[in-house]
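# Notes for the structure review
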Amino acid sequence: MLGLGVGIDYALFLVVKHRVLLQRGFDVPDSAARTGGTAGAGMVFAGGTLIAAVSGLVLTGISFLAWLGLAAAVIVAIAVAAALTLVPALFGLMGERVLPKQRRVDVFTDADLDRGMWARISDAVTRRPWRSAIVSTVILLVLAAPTLFMQFGQTDGTSFPDESPAYRSTVLIQEGFGPGRNGALVVAAQLFTPVTFPVPEDDSEAELLSAPDDPESEAADPRATDPRATDPRATDPRATDPRATDPRLAVVTEALAADPGVAEVSDPVVSTDGGVALWQVVPSTGPADPATEELVDRLRMDVLPAATTGQAMEAFVGGLTAARSDLSVKVADRLVPFVVGVVTLSFLLIMVAYRSLVIPLKAAAMNLLSIGAAYGLVVAVFQWGWGASLIGLDGPVPIESFVPMMMFAVLFGLSMDYEVFLLTSFREHWERSGDVATAVRRALADTGQVITSAALIMVGVFASFILADQTIAKMFGLGLAAAVAIDASLVRCVLVPAIMVLAAKRTFWLPGWLDRLLPQVHVEGDPAALQSIHQPPAEPRGDPSRPSVGLVAVVAGVAVAWFAGTRVFAEDGGASAAWIAIAVSAVAGAVASWFPRGLPGVRSNAGARLLLLLAGAVVTAVAFALLQSVVPSAGMVAGRLAGLALLATAAAALLPGVRRNGLSLLAGGAAMAVTLGIGGDAPDPGALLLPAALPAAIAFVVSRLVDSIVRPRVETSERASTQVPVADATRDPDSPAPEPAPEPAPESTPEPVGR
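We now examine the overall build of the chain. Scanning the chain from terminus to terminus reveals 22 helices and 5 strands. The 755 residues of the chain split such that 44% are buried. Across the chain, the fraction of contacts at a sequence separation of at least 24, relative to all contacts at a separation of at least 6, is 76%. Total accessible area computed for the chain in this model is approximately 37,600 Å², and 64% of it derives from carbon and sulfur atoms.

On to helix H13 (residues 402–433). Each α-helix turn comprises 3.6 residues. Residues three or four places apart therefore point the same way. An ideal rise of 1.5 Å per residue puts 46 Å on 32 residues; H13 measures up with 46 Å between its terminal C-alpha atoms. Looking one or two residues beyond H13, the residue adopting positive phi is Gly434, at roughly 75°.

We now examine the packing of aromatic side chains. The tally for this structure, following the rule as stated, stands at 4 aromatic pairs. Aromatic side chains Phe149 and Trp384 sit 6.0 Å apart centroid to centroid with 50° between the ring planes, which places their arrangement in the tilted category. In this pair, Phe149 is assigned in the loop between helix H5 (129–144) and helix H6 (165–177) and Trp384 in the loop between helix H12 (358–383) and H13, connecting sequence segments 235 residues apart. Ring centres 5.8 Å apart and planes at 75° place the aromatic pair Phe338 and Phe408 in the edge-to-face group. In this pair, Phe338 sits in helix H11 (residues 320–354) while Phe408 sits in helix H13, placing the two residues 70 residues apart along the sequence. Taking the relative accessible area as the measure of exposure, Phe338 reaches 6% and is therefore buried. An aromatic cluster of at least three residues, connected via ring pairs, comprises Phe149, Trp384 and Trp386.

Moving on: the packing of helix H10 (residues 290–308) against H11. For any two helices packed against each other, one specifies the inter-axial angle together with the distance between the axes. At a minimum axis distance of 10 Å, the contact between H10 and H11 shows a crossing angle of 90°. Taken as axis vectors, H10 and H11 run roughly perpendicular relative to one another. Taken together, the residues of H11 that come into contact with H10 (itself represented by Thr292, Glu293, Val296 and Arg300) are Thr321, Ala322, Ser325, Asp326 and Val329. Looking at the contact of H10 with H11 residue by residue, the classes come out as 3 nonpolar, 3 polar and 3 charged.

Another point: a negative patch on the surface. Judged by side-chain charge, Asp162, Glu163, Asp394 and Asp469 come together as a negatively charged surface patch. Looking at where Asp394 falls in the secondary structure, it is placed in the loop between H12 and H13. We classify Asp394 as exposed; its relative accessible area is 80%.

This part covers the nonpolar core. By size, the foremost hydrophobic cluster in this structure holds 100 residues, and its most contacted members are Phe382, Met407, Phe408, Leu414 and Tyr418. Residue contributions to this core peak at 18 residues, all from H13. Discounting chain neighbours no more than four positions away, the residues touching Leu414 are Leu2, Val6, Leu50, Met458, Phe462 and Val484. Residues Val195, Ala307, Ala315 and Ala322 belong to the second largest nonpolar core, which totals 24 residues.

Predicted confidence across the chain gives a mean pLDDT of 76, with 78% of residues reaching 70 or more. Across residues 571–575, where pLDDT falls below 50, the model places 3 contacts with residues more than four positions away in sequence or in other chains.

Nonpolar side chains collect at one region of the surface, where Leu86, Leu90, Leu93 and Met94 lie side by side and expose about 380 Å² of accessible area between them. Looking at the element boundaries, Met94 is found in helix H3 (residues 63–94). A relative accessible area of 35% means that Met94 is categorised as partly exposed.

So, on to the packing of helix H2 (residues 28–55) against H3. Contact geometry of H2 with H3 gives a least axis separation of 10 Å together with a crossing angle of 175°. Accordingly, the angle class assigned to the pair H2 and H3 is roughly antiparallel. Side by side, H2 and H3 meet where Val28, Ala32, Gly40, Met43, Val44, Gly47, Leu50, Ile51, Val54 and Ser55 of the first sit next to Gly69, Ala72, Ala73, Val76, Ala77, Val80, Ala83, Leu84, Phe91 and Gly92 of the second. In the contact of H2 with H3, the residues fall into 15 nonpolar, 5 polar and no charged.

Turning our eyes to something else, we now look at unusual backbone geometry. In this model, Ala312 sits at a positive phi of 55°, which is unusual for a non-glycine residue. You can see Ala312 is positioned in the loop between H10 and strand S5 (313–318).

Further remarks concern the side chain of Ser593. Within the secondary structure layout, Ser593 lies in helix H18 (residues 576–594). Relative accessible area serves as the criterion here: at 0%, Ser593 is assigned to the buried category. Excluding its chain neighbours within four sequence positions, the residues that come into contact with Ser593 are Ser548, Val549, Arg609, Phe700, Ser703 and Arg704.

With that settled, the discussion passes to the pattern of salt bridges. Under the defined criterion, the tally for this structure stands at 10 salt bridges. Ionic pairing is found between Asp246 and Arg248, a salt bridge with its closest N-O pair at 3.2 Å. As far as burial versus exposure is concerned, Asp246 and Arg248 are alike and both buried. Arg492 serves as the salt-bridge partner of Glu419, at 2.1 Å between the closest nitrogen and oxygen. Here Glu419 is found in helix H13, whereas its partner Arg492 is found in helix H15 (residues 471–503), with 73 residues between them in sequence. For Arg492, a relative accessible area of 0% translates into the label buried.

For Val195, the position within the fold is in the loop between strand S1 (185–191) and helix H7 (203–208). Of the residues examined, Val195 reaches a relative accessible area of 3% and is grouped as buried. Considering only alpha carbons, one finds Val195 and Gly275, 80 residues apart in sequence, at a separation of 6.6 Å. When residues no more than four places from it in sequence are discounted, the contact partners of Val195 are Arg243, Asp246, Arg248, Leu249, Val270 and Gly274.

Summarising the element assignment, Glu400 is placed in the loop between H12 and H13. The residues contacting Glu400, other than those within four sequence positions of it, are Phe152, Gly153, Gln154, Thr155, Arg324, Ile472 and Met475.

Before going further, it helps to spend a moment on H11. For H11, which comprises 35 residues, the first-to-last C-alpha distance of 49 Å matches the rise-based estimate of 51 Å (1.5 Å per residue) to within 8%. In H11, a bend of some 35° at Leu335 exceeds every other bend along the element, and Pro337, a proline, comes one to four places later. Immediately downstream of H11, the backbone of Arg355 shows phi near 50°, a positive value.

Criteria and cut-off values
- Residues numbered from 1 in each chain as written.
- Predicted model: local features only at pLDDT ≥ 70, side-chain atom pairs only at ≥ 80, totals over all residues.
- Heavy atoms only, no water.
- Helix = DSSP H or I, 4+ residues; strand = E, 2+ residues; numbered from the N terminus.
- Buried < 20%, exposed > 50% of the residue type's maximum accessible area, 1.4 Å probe, protein only.
- Contact = heavy atoms within 4.5 Å.
- Areas by Shrake-Rupley, 256 points an atom, 1.4 Å probe, with all protein chains shown as cover.
- Expected span 1.5 Å × (residues − 1).
- Phe/Tyr/Trp six-rings, centres within 6.5 Å; stacked < 30°, edge-to-face > 60°.
- Axes fitted to C-alpha atoms, helices over the stretch in contact; angles between N-to-C directions.
- Parallel < 35°, antiparallel > 145°, perpendicular 65-115°, else oblique.
- Nonpolar A, V, L, I, M, F, W, Y, C, P; charged D, E, K, R; others polar.
- Patch = residues over 30% accessible without salt bridge, like charges linked within 9 Å, V, L, I, M, F, W, Y side chains within 5 Å.
- Salt bridge = Lys/Arg side-chain N within 4 Å of Asp/Glu carboxyl O.
- Lys, Arg positive; Asp, Glu negative; His and termini not counted.
- Charge placed at Lys NZ, Arg CZ, Asp CG, Glu CD.
- Core = buried A, V, L, I, M, F, W, Y, C linked by side-chain atoms within 4.5 Å.
- pLDDT = per-residue confidence, 0-100.
- Bend = angle between axes of the 7 residues up to and from the residue.

Right under this line is the structure:
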């Protein structure tokens, strides 16, 4: 469904841009090329942002979420590839038939954007930006307010349709044996001193078990050599295991039965070697009841520790209900870091693409507002039960913990799609008019219909999930459909244009030092300004074999990164593995900054190198997390998995589009691989990503800054020492200096002939 929706969105965006260029007078091949150079580049950027958002689920460390994210990323990548290849081919086949018949002879101009329904809407928003911004923000905050009361829980068989076997079996078990039977817990105890069979009290039996020296007597009674033969269950399976009367097990049984949330406790079942004991604990509440989760926590934190302290044993609570409760806690703990990571990544991508701090900050804030509004609706409908009957529910149902995380990944990527569509048109009209208000008004009039049409498609796709019988499908359907509708209407068509008008020329504000560091990435612009796509790129200036930074800058970068990393990530002072990882990361960042431009695999500027350095760490972490979810935990040590992840990064560095800049990618991957290799038996790639990447980034930036200070002074002194006037031996010193040769007259360039 996601691939279908974004595929239609991207194709629609390209078709609209192609039709506009045809109406401006461009030929079909020229229009298709210019569409791909501007709208196509923006579409690739939007698709890449969506892929990054859903792929971020890998860093949660939860296998099923990781596979869902990777599957969604593959589908989106296929949709982008189809839009880049199939849609332009169809443009060539259709020719001008892509235009409506009544508009094939019209010439479209920017003045046409000042007329029509969308022109009136955009004019109303831009003429009163404060009112539009305040009203829309208040509405979004009201819708997002229920998010503060979101609680995670578990669904059970009662959430299925009444006719389904799952619902009927759940109800029958609940009516016949109580609600807790649907979610029984299992308590497992490990006994460091094994449980043994009790010594028999009967004297004759004791004499028989006193092991006489007569071999015939031992053969006559096997109990003399096998104590398990005294187990009554050998002849009567219904008999109770006599080892269950062990005082340590009896204490645990009594403690479990005394808890008010426990309805029934079985007798302990002891393993053959007496080292493990099991109890089945039936709660008094069902698996979807929050009281059951509280019971699990109470047993783990209070009841079992008190019953096993000093008894040479340790007890654990398991079972399906406890496992799902643990999953909810784990997902909830990873939700905030996941959100921060995805927002930070998108902020960096938009900052590089549009060379602004205001635009990515605004985009991140707007996306969070729209997603918060969607979360609020999900809480109101499912957790509070407001209008639940309208979508086929009998009342409130718990919210599964993984639903908000999946919703965030999908919605954040789709919101970025609409943001890129709007910003692409805004940049195009800004370059033509030079006026922010005019550019915003015409950008909204130009893309409003496209954004709302694409949003209606996605709303229809997601709303179809509401018709499903499963509650989780309804959550996804309602949340995604509502979020897309809110984002495309209230956020993109009202709030974002109003804020852009209020920001005015500060929209593209970027500090000078940051502007010099960022690479030149063009994902937008005026398609009429494109000259030729066949012009070869300019060769890099300067000596290609000369290192990009000096040795002093490299040493300074490593030193500063080491100092900062050890203060942040090795506070205990004894974590030698952390020190090694920080040192390797700092060296990798400094070396990536030192690479000469003429070195194979190093063709990019400083900003692109830094991004590739961080991307190498991310790719290695994602590959490691994927290998962890595939390879059994005991099948391979972490060092080998890290080596395989680095090989995957090396393979990515050999791809055609990355090969020219692959060394920086490998440097970041090497730092991440070393950090994972020494991070323990089961390292968490999400938690180790920052310690592996931050020192490298610090070393890179510091070495560049130090070099920008030191190198000009060195070059100035070198030029001063070499620029000594030398007399020409072939010329008389008393003769006047020769006059410079006259400059040749510039050749006249013929005026281009318009179409």
